[in-house]
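Structural description and commentary
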Amino acid sequence: MTLVLDHANVIGGASPGVVAGFAVTIEDGRIAAIEPAGRPAPAGAEVIDLGGAYLLPGLWDVHVHLEWPRIAAANVAELTVQYAANAAQGLLEAGVTSIRTAGTPHFIDVALKRAYASGRLLGPRIFAGGWFLTTTAGHALGTGFAKTCDGPMGFVRAIREQLEAGVDHVKLNLSGGIFGPSWDRHWHSFLLTEELEAAFAICRQRGYPVMAHATNPGAVKAAVRLGAHSVEHGYIMDDECLALLRERDTWYVPTLGITHLTPAQSATEWESCWVDQRGLTPDIIKRAEDAAPEHRGWFQKALRSGLKMALGSDLRPLRDSALLEMELWVKDGASPQQTIDAATRQAADLCGVGADLGTVEIGKIADLIVVRDNPLDDIHHLRALQLVVKDGRVVADHRSKRRA
Ligand SMILES: [Zn+2]
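Here we summarise the structure given alongside this text. (Residues numbered from 1 in each chain as written. Predicted model: local features only at pLDDT ≥ 70, side-chain atom pairs only at ≥ 80, totals over all residues. Heavy atoms only, no water.)

Topic: helix 2 (residues 108–118)
Stated formally: Exposure is judged per residue with a 1.4 Å probe applied to protein chains only, and the accessible area is read against the type maximum: over 50% gives exposed, under 20% gives buried, and values in between give partly exposed. Helix and strand assignments come from DSSP, with helices taken as H or I runs of at least 4 residues and strands as E runs of at least 2, each series counted from the N terminus. Whether two residues touch is decided by their heavy atoms; if any such pair falls within 4.5 Å, the residues are in contact.
What helix 2 keeps buried is the set Ile 108, Asp 109, Val 110, Leu 112, Ala 115 and Tyr 116. In this fold, the buried residues of helix 2 make contact with helix 1 (76–94), strand 7 (96–101), strand 8 (125–127) and helix 3 (152–165). Following helix 2 by one or two positions, Gly 119 has its phi on the positive side, about 85°.

See the structure below:
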């Protein structure tokens, strides 16, 4: 099957900026040609005239939890249906074509990944991490997606179980967070050196990347020194953290939304709307607001120092998460181009599939979105979603629902 997306303004090609007036031809799920617009299409091709709309790679969110809303005492079947609905909605309504999960109970993410990859169910491409591994008195214990392990062999066994269940990476919790009881603070670290060394050793031996939740300088440095693939959050860092991240070529995923999305900090209708439905407690709001200025400062310093960074939100549901996080990147000083790159090509690189995904280039898998106006002028234009293409097939067409 051949699909031609004609009269496209392409963003996220080989070079930065907009390449205006092109036709992108997709054959068997991959981009086969990118040529000046308006040429005769191959016989039998389906042609969609984009009329100068903006075509870019599908969006990625590399820090996702699929539960939303949280159901008390939900069983596995309920969670599975809920997660599938949330993931599909993110794909169809926000153009999030790929995600990396950061903590999912019962390997529901592995099951969804397989169902989506088989084509029997429609949803985003998933890079699955299974359970969020922490300690007794660790982080995220109230979420339902944390598994507690204690002692070096506790971590080794839990990690081996994850590998056997089919995860792509291991989510390891090293420190506390913004959401949690009084003994779970982001400046607290949780693992003994022996536990850390054993956990990283088994991942290294089996060749699995570690996605490290690390929120203070000690945890960030331990994660990077032991070979983490990505450091998540980094609410508090220091210059040595940044130097180490760069020296070891480790990814940094800042998750700005966790500290930035509170009633007093909301600046747009989308932020206010999300904050209203989130129902944060006064304690959590204070924790987030206390942490936000320093978090912002390290994000900005990381951006300036040229670290490898990708966009991951830690927000939910998926329909809102990547878009909110991208808007926060821009609000904190990233350019729209930097932000889109972080949510496309860099995210694909982080997940190890940069050769096949993440840009609009010949030979790549056609996971694409079309938006009406230029998101490089205003990142909020990503919300004017017109088309979502996954594996070369139009899976959502919103054009008739939007005014010109
Ligand atoms: Zn998370």
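The structure having been displayed, the exposition proceeds.
Description of the packing of aromatic side chains
This is how it is decided: Between the rings of Phe, Tyr and Trp (Trp by its six-membered ring), a pair exists once the centres lie within 6.5 Å; its type follows the angle of the planes, with under 30 degrees stacked, over 60 edge-to-face, and the other angles tilted. Whether a charge lies above a ring is judged from NZ of Lys or CZ of Arg, which has to be within 6 Å of the ring centre and within 35 degrees of the ring normal.
Within this structure, the stated rule accounts for 3 aromatic pairs. On the numbers, 5.7 Å between centres and 25° between planes, the contact of Trp 60 with Phe 127 is stacked. Of the two residues, Trp 60 sits in strand 6 (residues 59–64) while Phe 127 sits in strand 8, which places them 67 residues apart along the sequence. Owing to a relative accessible area of 12%, Phe 127 belongs among the buried residues under this scheme. The aromatic ring of Phe 127 is capped on one face by Lys 113, whose charged end is 5.6 Å from the ring centroid.

Digging into the pattern of salt bridges
Basically, it comes down to this: One side-chain nitrogen of Lys or Arg within 4 Å of one carboxyl oxygen of Asp or Glu is enough to make a salt bridge.
Within this structure, the stated rule accounts for 28 salt bridges. For Arg 316, the salt bridge is made with Glu 67, and the minimal N-O distance between the two is 2.7 Å. A residue pair is termed long-range when its members are at least 10 positions apart, and Arg 316 in the loop between helix 9 (282–304) and helix 10 (318–331) and Glu 67 in the loop between strand 6 and helix 1 qualify at 249 residues. Under the relative-accessibility criterion, Arg 316 is labelled buried at 8%. Classification of Glu 67 by relative accessible area gives buried; the value is 4%. Residue Asp 239 pairs with Lys 301 through a salt bridge whose shortest N-O separation is 2.8 Å. Of the two residues, Asp 239 sits in helix 6 (residues 239–247) while Lys 301 sits in helix 9, which places them 62 residues apart along the sequence. For Lys 301, a relative accessible area of 32% gives the class partly exposed. Through salt bridges with shared partners, a single ionic network connects Glu 67, Arg 70, Asp 314 and Arg 316.

Digging into the packing of helix 1 against helix 10
Here is the rule we go by: To obtain each axis, a line is fitted to C-alpha atoms, and for helices this fit is confined to the stretch in contact; angles are then taken between N-to-C directions over 0 to 180 degrees. An angle below 35 degrees is read as roughly parallel, one above 145 as roughly antiparallel, one from 65 to 115 as roughly perpendicular, and any other as oblique. Note on residue categories: nonpolar means Ala, Val, Leu, Ile, Met, Phe, Trp, Tyr, Cys or Pro, charged means Asp, Glu, Lys or Arg, and polar means any other residue, Gly included.
Two numbers describe how helix 1 lies on helix 10: the axes approach to 7 Å, and their chain directions differ by 55°. Taken together, the axes of helix 1 and helix 10 lie oblique to each other. Residues Asn 86, Ala 87, Gln 89, Gly 90, Glu 93 and Ala 94 of helix 1 pack against Leu 318, Arg 319 and Leu 323 of helix 10. Partitioned by chemical class, the residues of the contact of helix 1 with helix 10 number 4 nonpolar, 3 polar and 2 charged.

A look at the sheet that holds strand 6
To be explicit about the condition: Think of it this way: DSSP has to see at least two bridges between two strands before they count as a pair.
Across the sheet, 3 strands lie side by side as 6-7-8; this open sheet has parallel pairing. In the strand order of this sheet, the two ends are held by strand 6 and strand 8, each with one partner. Shown here is a sheet whose adjacent strand axes are inclined to one another by a mean of 20°, direction ignored. Pairing geometry for strand 6 and strand 7, over 4 bridges, is parallel. Note that in strand 7 the partner of Val 64 across the bridge is Thr 101.

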